[in-house]
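Coordinates in review
Each chain, letter by letter, is given below.
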Amino acid sequence: MSAHRKTDDFMWGVATSAQQIEGAFAEGGRGQSIWDRYASTPNHILDGSDSRSACDHFHRWQNDIELLEWLGVGAYRLSISWPRILPTGSGNANAAGLDFYDALIDRLLACGIQPFVTLNHWDLPQALQDQGGWTSRSMVNAFADYVAIVSRRLGDRVGHWVTHNEPWCIAHLGYQEGVHAPGLRDPGASLKVVHHLLLSHGRAIEILRGYSPGAQLGIVHLATSVHPVSDSDADRDAARQLDGAFNRWYLDPLYRDGYPEDAIADHVGLGHLANSDLPFVQSGDFEIIRTPTDFLGVNYYSRSVVKRGPTGAPLAIQVVPDHELTAMGWEVYPQGLHEVLTRIHADYRPARIYLTENGAAYDDGPSPSDSLSDPRRVDYLRTHVAAAQQSAAEGVPLHGYFVWSLMDNFEWAQGLSKRFGLFHVDFETQRRTPRESAFWYRDLISSGAVDSASRHVQTRRSP
Ligand code: GCO
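1. Overview of the site of the ligand
Among the 13 residues in the neighbourhood of the ligand, the closest are listed as Gln 20, Glu 166, Tyr 301, Glu 357 and Glu 411. Here an oxygen atom of the ligand and a side-chain polar atom of His 121 are 3.0 Å apart. At 2.4 Å from an oxygen atom of the ligand is found a side-chain nitrogen or oxygen belonging to Glu 166. Within the complex, 96% of the 310 Å² of free accessible area of the ligand lies under protein. Residue classes in the shell around the ligand are distributed as six nonpolar, four polar and three charged.

2. What to know about the pairing of strand 7 (residues 295–300)
Among the six residues of strand 7, six are classified as buried, and the element is accordingly described as predominantly covered. The two faces of strand 7 match: Phe 295, Gly 297 and Asn 299 on one face and Leu 296, Val 298 and Tyr 300 on the other face are all buried. In terms of strand pairing, strand 5 (residues 216–223) meets strand 7 through six bridges, oriented parallel. In the strand pairing of strand 7, Ala 223 is matched with Tyr 300. Where strand 7 lies against strand 10 (residues 353–358), four bridges are found, and the strand directions are parallel. Residue pairing for strand 10: Leu 296 is matched across the bridge by Ile 353.

3. Regarding the packing of aromatic side chains
Counted under the stated rule, the structure contains 31 aromatic pairs. Between Trp 70 and Phe 423 the ring centres are 5.8 Å apart and the planes differ by 70°, which places this aromatic pair in the edge-to-face class. Remark: Phe 423 occurs in strand 12 (residues 423–426) and Trp 70 occurs in helix 3 (residues 57–71); sequence separation between them is 353 residues. Overall, the relative accessible area of 13% leaves Trp 70 in the buried class. Seen from their ring centres, Phe 116 and Tyr 354 are 5.1 Å apart, and the 75° between their planes marks the pair as edge-to-face. Of this pair, Phe 116 sits in strand 3 (residues 114–120) while Tyr 354 sits in strand 10; the two residues are 238 residues apart in sequence, bridging distant segments of the chain. Assessed through its relative accessible area of 2%, Tyr 354 is described here as buried. An aromatic cluster is present here, built from Phe 10, Trp 12, Tyr 401, Trp 440 and Tyr 441 joined pairwise through their rings. Over the ring of Phe 58 we find Arg 84, and its NZ or CZ is 4.0 Å from the ring centre. Taking the ring centre of Phe 100 as reference, the NZ or CZ of Arg 84 above it sits at 6.0 Å.

4. With respect to the packing of helix 10 (residues 233–255) against helix 11 (residues 261–269)
Between helix 10 and helix 11, the least distance of the axes is 9 Å, while the angle of their chain directions is 110°. For the element pair helix 10 / helix 11, the angle class is roughly perpendicular. Here the hand of the crossing between helix 10 and helix 11 comes out left-handed. Facing helix 10, whose interface residues are Arg 240, Gln 241, Gly 244, Ala 245, Arg 248 and Trp 249, helix 11 presents Asp 262, Ala 263, Ile 264, Asp 266 and His 267.

5. Structural notes on unusual backbone geometry
Peptide bonds are, in most cases, trans, and in most cases residues other than glycine have a negative phi. At the junction of Ala 181 and Pro 182, the peptide bond is cis and its omega measures out at 5° in the coordinates. On the secondary structure map, Pro 182 appears in the loop between helix 8 (167–176) and helix 9 (187–211). At the junction of Trp 404 and Ser 405, the peptide bond is cis and its omega measures out at 15° in the coordinates. Residue placement: Ser 405 occurs in the loop between strand 11 (398–404) and strand 12. Within the chain, Asp 56 stands out as a residue other than glycine whose phi angle is a positive 55°. Mapping Asp 56 onto the fold places it in the loop between helix 2 (34–39) and helix 3. Given a relative accessible area of 15%, Asp 56 falls into the buried group.

6. Examining the pattern of salt bridges
Under the criterion given, the structure shown has 29 salt bridges. A salt bridge links Asp 102 to Arg 153; the nearest nitrogen and oxygen atoms lie 3.0 Å apart. Highlighted residues: Asp 102 in helix 5 (residues 95–110) and Arg 153 in helix 7 (residues 139–154), separated in sequence by 51 residues. Among the residues examined, Asp 102 registers a relative accessible area of 15% and is labelled buried. Each of the salt bridges in this network shares a partner with another, and the network as a whole consists of Asp 237, Arg 240, Asp 243, Arg 248, Asp 262, Asp 266, Arg 308, Arg 343 and Asp 347.

Definitions and cut-offs
- Residues numbered from 1 in each chain as written.
- Predicted model: local features only at pLDDT ≥ 70, side-chain atom pairs only at ≥ 80, totals over all residues.
- Heavy atoms only, no water.
- Near = heavy atom within 4 Å.
- Polar contact = N/O pair within 3.5 Å; in protein donor to acceptor, adjacent residues only side chain to side chain.
- Areas by Shrake-Rupley, 256 points an atom, 1.4 Å probe, with all protein chains shown as cover.
- Nonpolar A, V, L, I, M, F, W, Y, C, P; charged D, E, K, R; others polar.
- Buried < 20%, exposed > 50% of the residue type's maximum accessible area, 1.4 Å probe, protein only.
- Helix = DSSP H or I, 4+ residues; strand = E, 2+ residues; numbered from the N terminus.
- Pairing = 2+ DSSP bridges.
- Phe/Tyr/Trp six-rings, centres within 6.5 Å; stacked < 30°, edge-to-face > 60°.
- Lys NZ or Arg CZ within 6 Å of the ring centre and 35° of its normal.
- Axes fitted to C-alpha atoms, helices over the stretch in contact; angles between N-to-C directions.
- Parallel < 35°, antiparallel > 145°, perpendicular 65-115°, else oblique.
- Left-handed = near helix turned anticlockwise from the far one by under 90°.
- Contact = heavy atoms within 4.5 Å.
- Salt bridge = Lys/Arg side-chain N within 4 Å of Asp/Glu carboxyl O.

Quick look at the structure:
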């Protein structure tokens, strides 16, 4: 795996998403997103914050591109704000929204940074949610219209497109657990949501091929490596079941032939489906869903350890006395990255894989300087990059690695309280300051060697 930004075949990058960094929620003609609505309801966001200002990237984007240049990344994964393009979900595009991304993409390219663009990173226009959101099959057309508008304008310059970010989070956290927007708790609806997301992905690929010929196209899956807590049949079956619902339910239709039989039976058993007929599937859907793509984006943060829960559903638990947890409560488990990459390669054979997100939140110490020294984040990144490199050495077609995230931002239901950034953000002043991990990543990119990147670099010049 070659490491330098100038080699075409491996991208070192960082990732962000529109809702999490842009702010300017009511400027430039932007409409309301489901996350604006969700965050305005008391008790939905841990610290009571919202993303109305976030990192104010909408106004500070040129400065933020300077941070990317300073890091030396060859690629930047960003997302387009759907309600900035279609404020009411349909009709004419908002010219100011398109102009914003047009200028951003041009500037990135002028700086030698490849834009890696996600079309749906969760910020659905509220107007579409009011018509049922992803539970409605009409969303396939709504997404197609949006994708056509964006790719007609930017398709001549964007070399990598992602249709959806993490369908599992949208469907499961948003429509089943209700802990993300739109906050519904309906497992049956959640399965419809998955289907409509996957179907709209297939349609979008066809549209993108037309407006962005030559670009690489894919979707991003949040992958977890599932381990049973014990060797008992019940726990091993719970692990099979969680893997079915979390990984195979998404990857089988994309790369094989429909939803996995055992996972359908599990959903029937849990009462999520009345029987094994899937009423939301129409003839021809699976051909559309498996429209060929060029890459799979994999996001990896942690593994899942599971046991059989009291209701029969698999229960993810925390049993890690000797492994560190991040501030999200997620176990630091770099081996799991090797496990998911080698497994996805073996079972699904995507032509290319990009690790489209990997990173960690840690609580800052009491003084400002504590928040800039982040040896735990450096260790997290170092061990995960090593696991990625090992996977590539074993034949996984890994072509890029993106740190989540460029800078601290609006971490969804955790609000501004969880900090994932290579750059610390002071949300009062909007000042960005590089953490030790930013210096480490910069060294890694310029030297191409994980171990030569020094951990003790605070004295160097900041951007
Ligand atoms: C996700 C999203 C990101 C998150 C990040 C940390 O994976 O949930 O793509 O938007 O902020 O993963 O939770």
